[in-house]
Amino acid sequence: MNHLSMFLLFLTHAAAQTNQETKYTPTTMKIAFGSCNRPHEPTNIWPRVGSYAPDTWVWLGDNVYLDDKKRGFYGLDEAKLIYKSMQEKPEYVNAMSKVRNVIGTWDDHDLGKNNMGADFKHKNDTKKLLLNFLKMSESDLAIKNGGVFHKKIVETNGKKTAFVMTDARWYKTETQLLGEPQWEWLKNIFLHESYDLIVLASSIQVTADWGSSFPILKRLERWGDYPEELSRLIEYIEKSNSPTVILSGDVHYGDIATMGPGCVLNGVELNKKLVEATSSGITHSVMNHIQPSFLWKKIVNRVDITPLAFSMERRRDILLDKNWGTIDVSFLPHGVSVNISIHDETRPRLNFVHTFHSSVLGGGNGTASSGLPWCPVEATHPAAHPWASMAIGVLVYLFVNSVLFLLPVLLCFKLLWRAVKMPKEKEE
């Protein structure tokens, strides 16, 4: 074969390869997730979930509420009725009929009592109720006679996604969160198994930092309350060959937080992107707690006051309304792309898109470091002037509440003045 023939053959092969790459259609998958749901309270989210028709729906805890502040745990009979009402709720049934896989974990309120863990005496009974709700059996769990942590592998055109459902309740005490059996299970997944994508579900937030910067929020649970375990988890994610997205719930707002390579989280240097999406508040959210005023809700939706609750060094953009989340996954020839959105009851409000390239997966140090500066979370839609935004939020809040307070006071004074003045006018 002469040189000209070889050259023409090379050009033909290159053109065919280019044409093949141009025609490549990525394998896609849709994931939806949410938490904090009371079956008897109204929400417009379930019809939207049905319209989205995800391949997998992920429950992130507080899937139902089996307790309240006054009564504590309702008891097993009432707990069964609560789960039954959710299973028979028409909007939920219709939405889930469009979903291939329904998976989940629990948090404190579907365990049975606020902030409880290992010491909750009814946990075996409420565990059975959760498994029945998720249509699971004890054999589907990672270990028998233990927590509800488990893994489900969803395969889409040969691409494997591992949904890793952690349990932050079964072993939880003041000194530990996950417990050693669960850690051994996680270690095997991250260090000895390989997937095209890992979706790590935690009922409480992993990267949240508000406890140190805003003391009133310390009553909210987070991985940061267990710093050694937080470092251990980040190290596993860093050393894994699988791209990982973290999902969390619990806090009654929606949030997308990311940290880039070169940053340090809890003493661990990051060598790849860390992404956490929080969705909490299917039927209730922060908006139910801060003010009942319709006017105030409209104002909060337009003025960013989130820096009040989160440290300015590490800004997180959040959604205060009822919310749910989605991930549109595209498996590419050399990586995986995730398009994450947090929606309110009508539309997407927060969004973050990232591609995990296979060339930068794995090989991370996952080692403690004190030399690098602590790194801010990237905002999903950052405000240009967060301090100014915060100041505007405070001023608007004070103005609205002053008006709402002063108007009835002034009206009372006016009526009192008339009552005093009228007898004098009659005497004259």
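Everything below is about the structure printed above this text.
Residues numbered from 1 in each chain as written. Predicted model: local features only at pLDDT ≥ 70, side-chain atom pairs only at ≥ 80, totals over all residues. Heavy atoms only, no water.

Moving on, we get to the overall build of the chain. Assigned secondary structure in the chain consists of 12 helices and 17 strands. Burial statistics for the chain: of 428 residues in total, 51% are counted as buried. When contacts within the chain are restricted to residue pairs at least 6 apart in sequence, long-range pairs at least 24 apart make up 72% of them. For the chain, the computed accessible surface area is about 20,900 Å², with 57% contributed by carbon and sulfur atoms. (Helix = DSSP H or I, 4+ residues; strand = E, 2+ residues; numbered from the N terminus. Buried < 20%, exposed > 50% of the residue type's maximum accessible area, 1.4 Å probe, protein only. Contact = heavy atoms within 4.5 Å. Areas by Shrake-Rupley, 256 points an atom, 1.4 Å probe, with all protein chains shown as cover.)

Gaps left between atoms are located by rolling a probe of water-molecule size over the structure's atoms. In the structure shown here, the tally under the stated rule is 1 cavity of 30 Å³ or more. Lining the largest cavity, in full, are Ile 237, Ser 242, Pro 243, Thr 244, Lys 272, Lys 273 and Phe 356. Per-class residue counts for the lining of the largest cavity are 3 nonpolar, 2 polar and 2 charged. (1 Å grid on protein atoms, 1.4 Å probe; cavity = no way out; pocket = protein on both sides within 12 Å on 5 of 7 lines; lining within 4 Å. Points joined across faces, edges and corners; volume = space filled by probe spheres on them. Nonpolar A, V, L, I, M, F, W, Y, C, P; charged D, E, K, R; others polar.)

So, about helix α9 (residues 227–239). For α9, which comprises 13 residues, the first-to-last C-alpha distance of 18 Å matches the rise-based estimate of 18 Å (1.5 Å per residue) to within 8%. Along α9, the residues that are buried comprise Glu 229, Leu 230, Ser 231, Leu 233, Ile 234, Tyr 236, Ile 237 and Glu 238. Its buried side turned inward, α9 meets α7 (180–192), β8 (197–202), β9 (244–248), β11 (264–265), β12 (268–269) and β13 (274–278). (Expected span 1.5 Å × (residues − 1).)

Attention now moves to the side chain of His 354. Within the secondary structure, His 354 is located in strand β17 (residues 348–357). The exposure class assigned to His 354 is buried, which follows from its relative accessible area of 17%. Those residues in contact with His 354 that sit more than four places away from it in its chain are Lys 273, Val 336, Ser 337 and Val 338.

Along the chain, Val 353 falls in strand β17. Once the C-alpha coordinates of Val 353 and Asn 339 are considered, the two residues, 14 residues apart in sequence, prove to be 4.4 Å apart. Discounting residues that sit within four places of it in the chain, Val 353 has contacts with Ser 337, Val 338 and Asn 339.

To continue, consider the pairing of strand β5 (residues 101–105). Looking along a regular strand, one sees side chains alternate from face to face of the sheet. The element β5 is extensively covered by neighbouring structure, given that 4 of its 5 residues are classed as buried. Pairing of strand β2 (residues 56–60) with β5, which is carried by 5 bridges, proceeds in the parallel orientation. By the bridge assignment for β5, Leu 60 is matched with Thr 105. (Pairing = 2+ DSSP bridges.)

This paragraph deals with the sheet that holds strand β14 (residues 318–319). Ordered by their spatial adjacency, 7 strands build an open sheet running β6-β7-β8-β9-β13-β10-β14, and the pairing between neighbours is mixed. Edge positions in the sheet fall to β6 (150–156) and β14, since each of these pairs with one other strand and no more. As defined by bridge partners, β6 adjoins strand β7 (residues 159–165) across 7 bridges and the pair is classed as antiparallel. When the bridges of β7 are listed, His 150 appears paired with Met 165.

In short, geometric facts, not functional conclusions.
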